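Read off the chains here:
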There are 2 protein chains.
Amino acid sequence: MRIAVIGFGGVGKAFLELVHDKREVLEAEGINPVINYIVRSQGGIYNPQGIDIGDLLTFLKENQDITTYPQGGSKDISFERIMEEGDVDVVIEMTPTNLETAEPGLGFIRRSLEKGIHVVTANKGPILLAYKELYELAKNNGVQLGIGCTTGGALPSINSGVIDMAGSNITSIEGVLNGTTNFILEEMADKKIEYLEALKKAQDLGIAERDPSLDVEGWDTATKLLILTNVLMQEDKTLDDVDVQGIQSMTLADIEESLKYGKRYKLIGRSSLEDGQLKISVHPELVGPDNIFYNVNGKNKAVRYTSDTLGDLTIIGGASGVTPAAASILRDLINIHRGYSYIR
Amino acid sequence: MRIAVIGFGGVGKAFLELVHDKREVLEAEGINPVINYIVRSQGGIYNPQGIDIGDLLTFLKENQDITTYPQGGSKDISFERIMEEGDVDVVIEMTPTNLETAEPGLGFIRRSLEKGIHVVTANKGPILLAYKELYELAKNNGVQLGIGCTTGGALPSINSGVIDMAGSNITSIEGVLNGTTNFILEEMADKKIEYLEALKKAQDLGIAERDPSLDVEGWDTATKLLILTNVLMQEDKTLDDVDVQGIQSMTLADIEESLKYGKRYKLIGRSSLEDGQLKISVHPELVGPDNIFYNVNGKNKAVRYTSDTLGDLTIIGGASGVTPAAASILRDLINIHRGYSYIR
């Protein structure tokens, strides 16, 4: 399996480490992973025989710039080279998310699929803005589009909705879909600290980003919820259709009031039919010990599907972090190799 | 897709109803279900053109004995006829479970696979006693063996372990795997009644069987746990390897004591490595509000996997009952049609 990695941040490096550490597991699956491209915006590495991952990981301990890597590193390597050579089976697309234009990821995914190359992506933008188009493109070109990492990383939310709910009609989707806000709310309650202090701690730990607005204002939750809703409930909604409220106005006083009643705040996204109308919302909600989301702790996430024939299904897990996110990419890769189809 | 249904109890009837009600969903999947056999121990129905499900369901409202069904019913229809004609793509095996010999299901599954026919089964016996043999048989004959219904019905436990944990190493499996005991323990706590009274209520509601020993003594939990353990942790354990304690000795006093501390009893099965040794046990355990199994209520079930790279994954759901069980069979059928492989 010849692989191109596009975008190379923390998850990209964790992915290389996983491919290196999991060689035996992959061999048992019949997969011989050959990574022949790593492409960043300012150049990359190309080795038609496959990059020596162990050697590259050693190099990366001392060096930041992959374009200086002796075996094939160059400022001239770009996505275009992949299109010219056409020598990969799967493109792993991990460029930064842009929720307005979806670029540059959208173009990379589109062109890869058009060329008959499978794509696994961690990028929410293109899936939020152009899933239907990309689905049809993959279908018409006989290739797969793995999007498991776009709706909660290691939490198998999309995959479960597609595979485990097969044959049933999903009537509602609810979830605690953002680990950062879950961590902040828990810190406020556990340490009795104000929002800004908990946010700072999350930032210091690398859990929240320097600009945390996508997470704390609820847009990350809204994006994941929309992808789940559009894919699993065959809708075509946009962020404008979501009633979004984040956690940035929560105070320690709010939290302390909730604790008096033995409850916890969780940022919950919900798509459900009310009087035949689909309502999509993201709000902080109070949950007590009898609520299924009460124990979604720390950096974990959860999703709950309601269906006509298979009952309710709640999935809790998917620890945040670069390794679980990379493991989620690897999971899609393995399942594509096994022949499981995300696109039918 | 030509289907033979072997064994025809409550789940079998619910399966027919589902196939009938879900015709549009199945068509959208590209599946045209043609049920040409329904076989019971005392005869059955054979119609090479496909049984008219709607007509048969109407017939069943007034009649018990399918061998008197005018379009193909006969006391002479048996599994042998399927082997002679060879005119099915999938055998759905739902004969009664026998945990000692696994027959007659084991023979039916074995012979179907040998003949190159996919099998979906709800029968724990053959999977408990002969999974490795059946797996190899399926593999060598290029067919699939769907066993999703054997470890919790609608709860996607096996499937999640295979698909959602792909590429990771499962290091422990824990679960509330039996809906009947879960219901009884909850009834005792909610209604403040003794074990025998709660059991009787479960029996009256059709949740517990007349002979409830498999459920209440923990053997059903042990069986499901063993199947999960052997399939997902590549073990080869038997019931002799499981330390089993059921709920039959639980008293209302025990339950009331637990409620004082805000806790609940759950019958928990657990396979985990302790000092490099795999320990497999089934015990009633006290869980508090901070335990992930605290909210596994009523007839629901749950399983939790711990892994090296994908973190923990907890799946809660899978309401007990004939429709969810039938929907779980249908799910395996759809996923086999989609090309997802349970056997690789």
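Q: Can you explain unusual backbone geometry? Please cite residues and give values.
A: All names here are of chain A. Here Glu 103 and Pro 104 are connected by a cis peptide whose omega angle stands at 5°. In this fold, Pro 104 is placed in the loop between strand 5 (90-93) and helix 5 (105-114). For Asp 275, which is not glycine, the phi dihedral falls at a positive 50°. With respect to the secondary-structure elements, Asp 275 resides in the loop between strand 10 (264-274) and strand 11 (277-287).

Q: Give me the domain arrangement of chain A: which residues, what numbers.
A: All names here are of chain A. Assigned domains of chain A: these are domain 1 (2-154 + 322-338) and domain 2 (161-317). Across the boundary between the two partners, domain 1 contributes 10 residues, which contact 12 residues of domain 2. Residue composition of the side of domain 1 that touches domain 2, by class: 5 nonpolar, 3 polar and 2 charged.

Q: Describe in detail the relation of the copies chain B and chain A, supporting the description with residues and values.
A: Put simply, the two copies of the chain differ by a rotation about an axis and a shift along that axis. It takes a turn of 180° to lay chain B on chain A, together with a shift of 0.0 Å along the axis; the resulting RMSD is 0.0 Å. These values place the two chain copies in the arrangement generated by a two-fold rotation axis. When the interface residues of chain B are mapped onto chain A, 100% of them again lie at the interface, so the same face is used by both copies.

Q: Outline the packing of helix 5 of chain A against helix 6 (residues 124-140) of chain A, listing residues and values.
A: Residue and element names in this part refer to chain A. For the pair helix 5 and helix 6, interaxial distance at closest approach is 10 Å and the crossing angle is 10°. When the axis of helix 5 is compared with that of helix 6, the two are roughly parallel. Mapping the contact onto sequence places Gly 105, Leu 106, Ile 109, Arg 110, Leu 113 and Glu 114 in helix 5 and Gly 125, Pro 126, Leu 129, Ala 130, Leu 134, Leu 137 and Ala 138 in helix 6. Considering only residue class, the contact of helix 5 with helix 6 consists of 9 nonpolar, 2 polar and 2 charged.

Q: A description of the sheet that holds strand 10 (residues 264-274) of chain B should follow, citing residues and the corresponding values.
A: With mixed pairing, 12 strands are arranged side by side in an open sheet as 9(A)-11(A)-10(A)-8(A)-12(A)-13(A)-13(B)-12(B)-8(B)-10(B)-11(B)-9(B). On the outer flanks of this sheet lie strand 9 (242-244) of chain A together with strand 9 (242-244) of chain B, each paired with one strand and no other. Neighbour-to-neighbour, the strand axes of this sheet turn through a mean angle of 15°, independent of strand direction. Of the pairings in the sheet, the one linking strand 10 of chain A to strand 11 of chain A comprises 11 bridges and is antiparallel in character.

Q: Tell me about the interface of chain B and chain A, and name the residues and values.
A: The accessible area lost on association of the parts is a frequent measure of interface size. Between chain B and chain A, the residue contacts involve 40 residues of the former and 40 residues of the latter. Within the residue set of the side of chain B that touches chain A, elements represented by two or more residues are helix 7 (157-164), strand 13 (312-317) and helix 13 (322-338) of chain B. By residue number, the principal contributor to the side of chain B that touches chain A is helix 13 of chain B, which donates 8 residues. A class-by-class count of the residues in the side of chain B that touches chain A yields 19 nonpolar, 14 polar and 7 charged. Where strand 13 (residues 312-317) of chain A meets strand 13 of chain B, 5 bridges bridge the pair, whose relative direction is antiparallel. For Ile 315 of chain A, the partnering residue across the bridge sits in strand 13 of chain B and is Ile 315 of chain B.

Q: Could you give me a rundown of the environment of Asp 164 of chain B, with the residues and numbers involved?
A: Of note, Asp 164 of chain B is situated in helix 7. For Asp 164 of chain B, a count of 29 C-beta atoms within 10 Å translates into the label buried. Discounting residues that sit within four places of it in the chain, Asp 164 of chain B has contacts with Pro 156, Asn 159 and Ser 160 of chain A together with Leu 313 of chain B.

Q: Before we move on, could you go through the environment of Gly 148 of chain A and cite the residues and values that matter?
A: Residue and element names in this part refer to chain A. Tracing the chain through its elements places Gly 148 in the loop between strand 7 (145-146) and helix 7 (157-164). Between the C-alpha atoms of Gly 148 and Phe 183, which are 35 residues apart in sequence, the distance is 22 Å. Look past the residues within four positions of Gly 148 in its chain and what remains in contact with it is Pro 156, Ile 158, Asn 159, Ser 328, Arg 331 and Asp 332.

Q: Quick one: what's the story with the pairing of strand 2 (residues 34-40) of chain B, residue by residue and with numbers?
A: Residue and element names in this part refer to chain B. The buried fraction of strand 2 is high, at 6 of 7 residues. One ladder, built from 5 bridges, connects strand 1 (residues 2-6) with strand 2; its direction is parallel. Looking at strand 2, one finds that Arg 2 is bridged to Val 34. What sits between the antiparallel neighbours strand 2 and strand 3 (residues 43-46) is a turn of 2 residues.

Q: Go over the nonpolar core, please, and point to the residues and values.
A: Membership of the largest hydrophobic core comes to 220 residues, with the highest contact counts inside it found for Val 5, Phe 15 and Ile 92 of chain A together with Val 5, Phe 15 and Ile 92 of chain B. In this view, Ile 92 of chain A contacts Ile 3, Ala 4, Val 5, Ile 6, Phe 15, Val 120 and Ile 329 of chain A; residues no more than four positions away in its chain are not counted.

Q: Go over the packing of helix 8 (residues 179-191) of chain A against helix 9 (residues 195-204) of chain A, please, and point to the residues and values.
A: Residues and elements named next belong to chain A. Where helix 8 contacts helix 9, the axes come no closer than 9 Å and their chain directions differ by 125°. In terms of orientation, helix 8 lies oblique with respect to helix 9. At the point where helix 8 passes helix 9, the crossing takes the right-handed sense. Along the contact surface, helix 8 presents Thr 180, Phe 183, Ile 184, Glu 187 and Met 188, while helix 9 presents Tyr 195, Ala 198, Leu 199, Lys 201 and Ala 202.

Q: Please give an account of the sheet that holds strand 7 (residues 145-146) of chain B that cites residues and values.
A: All names here are of chain B. A sheet is described by the order of its strands in space; here 7 strands give the open sequence 4-3-2-1-5-6-7, paired in mixed fashion. Whereas interior strands pair on both sides, the edge strands pair on one side only; in this sheet they are strand 4 (73-74) and strand 7. In the sheet, strand 2 pairs with strand 3 via 4 bridges, with the strands oriented antiparallel. Looking at strand 3, one finds that Val 39 is bridged to Gly 44.

Cut-off values and rules
Residues numbered from 1 in each chain as written. Chains lettered and ligands numbered in written order. Predicted model: local features only at pLDDT ≥ 70, side-chain atom pairs only at ≥ 80, totals over all residues. Helix = DSSP H or I, 4+ residues; strand = E, 2+ residues; numbered from the N terminus. Domains from an automatic or database assignment. Contact = placed C-beta atoms within 7 Å. Nonpolar A, V, L, I, M, F, W, Y, C, P; charged D, E, K, R; others polar. Least-squares fit on C-alpha atoms with pLDDT ≥ 70 in both. Axes fitted to C-alpha atoms, helices over the stretch in contact; angles between N-to-C directions. Parallel < 35°, antiparallel > 145°, perpendicular 65-115°, else oblique. Pairing = 2+ DSSP bridges. Buried ≥ 20, exposed ≤ 12 C-beta atoms within 10 Å, placed from the backbone. Core = buried A, V, L, I, M, F, W, Y, C linked by C-beta atoms within 7 Å. Left-handed = near helix turned anticlockwise from the far one by under 90°.

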